[in-house]
Amino acid sequence: MQGLQYSRDRGRDLLECRHCGATFPEGRATTDGWHYACPECEEASGIGDGLRRL
């Protein structure tokens, strides 16, 4: 199970929040793999809307 957590923490790509400028792995921004939100400010959501891939 720890391998799954490691994979989620790393994510596939880095994301950047358009609202606060935070940078984080994709895995930190989602709990279900479909919905994304900034883990820092929670103002931005959705890849392409509030978040962008680096």
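Figured I'd write up the structure that's included with this text.

How each quantity is defined
Residues numbered from 1 in each chain as written. Predicted model: local features only at pLDDT ≥ 70, side-chain atom pairs only at ≥ 80, totals over all residues. Heavy atoms only, no water. Pairing = 2+ DSSP bridges. Helix = DSSP H or I, 4+ residues; strand = E, 2+ residues; numbered from the N terminus. Axes fitted to C-alpha atoms, helices over the stretch in contact; angles between N-to-C directions. Buried < 20%, exposed > 50% of the residue type's maximum accessible area, 1.4 Å probe, protein only. Polar contact = N/O pair within 3.5 Å; in protein donor to acceptor, adjacent residues only side chain to side chain.

**A few points about the sheet that holds strand β2 (residues 23-25)**
Taken in spatial order, the three strands make up an open sheet running β2-β1-β3, and their pairing is antiparallel. Two strands close off the open sheet at either side, each with one partner strand: β2 and β3 (51-53). Looking at each pair of strands side by side, their axes are set apart by 35° on average, direction ignored.

**So, the side chain of Thr30**
Turning to its location among the elements, Thr30 is positioned in the loop between β2 and β3. The class of Thr30 is buried, set by a relative accessible area of 12%. Here the side chain of Thr30 touches Gly33 through a polar contact of 2.8 Å, landing on its backbone nitrogen. A polar side-chain atom of Thr30 sits 2.8 Å from the main-chain carbonyl oxygen of His35.

Note that every value here comes from positions in space, so none of it alone points to a role or purpose.
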